[in-house]
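Coordinate inspection notes
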Amino acid sequence: MQTTLRGVGVSHGVAIGEVRHMGTAVLEPPAKQIPPEEADREQGRARQAVEAVAADLIARGNLAGGEAQHVLEAQAMIAQDPELMVDADRRIAVGSTAERAVYDAFSHYRELLAGAGEYMAGRVADLDDVRNRIVARLLGVPMPGVPDSDEPYVLIARDLAPADTALLDPTLVLGFVTEEGGPTSHSAILARALGVPAIVALPGAGELAEGTLIAVDGSTGELFVEPSAEKRAEMEASAAARKAALAGSSGPGATSDGHKVPLLANVGGPGDVPAAVEAGAEGVGLFRTEFLFLDDSAKAPSEEKQIASYRAVLEAFPEGRVVVRVLDAGADKPLDFLTPADEPNPALGVRGLRSLLEHPDVLRTQLTALAKAAEGLPVHLEVMAPMVADRIDAKAFADACREAGLQAKFGAMVEIPSAALRARSILQEVEFLSLGTNDLAQYAFAADRQVGAVSRLQDPWQPALLDLIAMSAEAASAEGKSCGVCGEAASDPLLACVLTGLGITSLSMGAASIPYVRATLAKYTLAQCERAAVAARAADTAEEARVAAQAVLSGE
Ligand code: PEP
Ligand code: MG
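Residues numbered from 1 in each chain as written. Chains lettered and ligands numbered in written order. Predicted model: local features only at pLDDT ≥ 70, side-chain atom pairs only at ≥ 80, totals over all residues. Heavy atoms only, no water.

- An unreviewed UniProt entry lists the protein under the name Phosphoenolpyruvate-protein phosphotransferase, with Streptomyces beijiangensis as the source organism.
- Quoted verbatim from the Cofactor (unreviewed entry) field of the UniProt record, the comment on the protein reads "Mg(2+)".
- Quoted verbatim from the Catalytic activity (unreviewed entry) heading of the UniProt record, the comment on the protein is "L-histidyl-[protein] + phosphoenolpyruvate = N(pros)-phospho-L-histidyl-[protein] + pyruvate". (UniProt positions renumbered as here; feature names shortened; annotations may be inferred.)

Right, here's the structure in full:
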């Protein structure tokens, strides 16, 4: 019998495939004693597990090549470190199980590393990863992290950290389902960037057995367990029909009466550029540069590495606009060298621009790298800061850009309600605004974007959020400056029309959403969008706002 589960659909399309679970963190093995006669056998098991993990890491390195190969080979060397093995053997000889001995030997080494200066402390994560792999093998549980599979699968996870998702192979991941996470969590954003269907906030997903056949509808948020052949055929046909309806849509974004709303792409690096170009993006509205920094959280990438990455994105849009956001570290994207480890509430702590102002050298290197990357290119470079709270923040950022000799427009993201409330004051320092509606909703509703249980409050149709957006757009218009949206709100085709009606001047989203937004916007006039915006703001709930806007646009 087919069961249907329901979550929040966050990335369009249908995925049909087998369940693979993201391996969870390895639990500490119990400290049970073994009799002395079992010591030899346990030492053999430990040695076998170490060798198997090292061989697996080397094999994966050979497949990956490049930088990843060096990292994986270094991890294999950690696994085979003779001192660790001697320590584990000694622990087994006095009564530990193989898994407990490996766990304790690594913990001991970990403490030594953690106390040996910043660079070595950064290697602790590698050590933990190797330990988790060996212990998982000994316990016979799935390896932590992204599943090892040669066959395409639908990935199920509690939530996905950006560092995990960066390792996913888009040719193998047919779709995502997460138990946690709201529609604006980074797992949802990454699913859109990969262009795969996704559902978030689906609590029962973790209980689906590995290998179960499921069908995921990323538009409706429905997950069908062991769907019948008819159901699969029906879902595939409707997804194909939806895709075909979009095939005719191309060209710049505009309402049916020609009011232009540039449609830009959100990218995390050069790897996302081909999809953006193919979708007809008119430029980049949000380049999330932090993905470049997540590879190695112990130190910032070199200026050369940054220049190469920025230039690759800038060159892809020779005449277009490219809006680069400076590093947004902290909260769910911590970096060891920037983010304080002991913050009681990281989302309200030193993140985004705040951490850059505390580490001006990191900001300076990034701005200098951007200036060098843009040299000689005709691109319209714009640079913006995340998490601007007030005019003091905006001025500090603009000053840093000027000091770095950057030939670009400087802007501020509106992600904190104070910035929307005092947008005109911020605009005295910068030339444009860009609304990060994901964080703006998080802070306006005191609803953590990582927590599925509060996803109702993360709904970008919330009228209070629409009010803050309207306030920012009006302030920008009064100052004769532009105000775009680069949060996930822009990727909802109906909401994109409402945003246009609120006076938003550009919309930036994951490339896969561009054709949907373009096709919907082209159906309505600016006046219809404005009426839909008035109706949505007059509603009391997100659902009523959606219904009211839809009613206006469909002429009911
Ligand atoms: C946002 O907060 O809306 C945004 C665009 O930034 P990020 O999602 O990367 O925090
Ligand atoms: Mg943000």
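**Remarks on the site of ligand 1**
- Arg288, Arg325, Glu415, Asn438 and Arg449 are the nearest of the 16 residues found near ligand 1.
- A distance of 2.8 Å is found between an oxygen atom of ligand 1 and a side-chain nitrogen or oxygen belonging to Glu415.
- Between ligand 1 and Arg449, the relevant distance is 2.7 Å, taken from an oxygen atom to a side-chain nitrogen or oxygen of the residue.
- When ligand 1 is considered free in solution it has 290 Å² of accessible area, and contact with the protein chains removes 100% of it.
- If you list the elements that add at least two residues to the shell around ligand 1, you get helix H8 (186–194), strand S10 (283–288) and helix H18 (437–444).
- For the shell around ligand 1, the element with the highest residue contribution is H18, accounting for 3 residues.
- Residues of the shell around ligand 1, tallied by class, amount to 4 nonpolar, 5 polar and 7 charged. (Near = heavy atom within 4 Å. Polar contact = N/O pair within 3.5 Å; in protein donor to acceptor, adjacent residues only side chain to side chain. Areas by Shrake-Rupley, 256 points an atom, 1.4 Å probe, with all protein chains shown as cover. Helix = DSSP H or I, 4+ residues; strand = E, 2+ residues; numbered from the N terminus. Nonpolar A, V, L, I, M, F, W, Y, C, P; charged D, E, K, R; others polar.)

**Brief notes about the coordination of the magnesium ion (ligand 2)**
- Protein-derived coordination of the magnesium ion (ligand 2) comes from Glu415 (OE) and Asp439 (OD), at a distance range of 2.0 Å. Of the two residues, Glu415 sits in the loop between strand S13 (409–414) and helix H16 (417–421) while Asp439 sits in helix H18, which places them 24 residues apart along the sequence. (Donors = N, O, S within 2.8 Å, 3.2 Å for Na, K, Ca; no water.)

**Details of the nonpolar core**
- The biggest cluster of nonpolar side chains holds 104 residues, and the ones touching the most others in it are Leu406 and Leu507.
- In terms of nonpolar packing, the next biggest core, distinct from the first, is built from 27 residues, Ala76, Ala101, Phe106 and Val135 among them. (Core = buried A, V, L, I, M, F, W, Y, C linked by side-chain atoms within 4.5 Å. Buried < 20%, exposed > 50% of the residue type's maximum accessible area, 1.4 Å probe, protein only.)

**Here we look at the pattern of salt bridges**
- Taken as a whole, this structure holds 29 salt bridges when the rule is applied.
- The residue Glu28 makes a salt bridge to Arg100 at a minimum N-O spacing of 3.0 Å. Highlighted residues: Glu28 in the loop between strand S3 (14–21) and helix H1 (39–64) and Arg100 in helix H4 (residues 98–114), separated in sequence by 72 residues.
- Linking Arg391 and Glu429 is a salt bridge whose minimum nitrogen-to-oxygen distance equals 2.7 Å. Of this pair, Arg391 sits in helix H15 (residues 391–403) while Glu429 sits in the loop between helix H17 (423–426) and strand S14 (432–435), placing them 38 residues apart in sequence. (Salt bridge = Lys/Arg side-chain N within 4 Å of Asp/Glu carboxyl O.)

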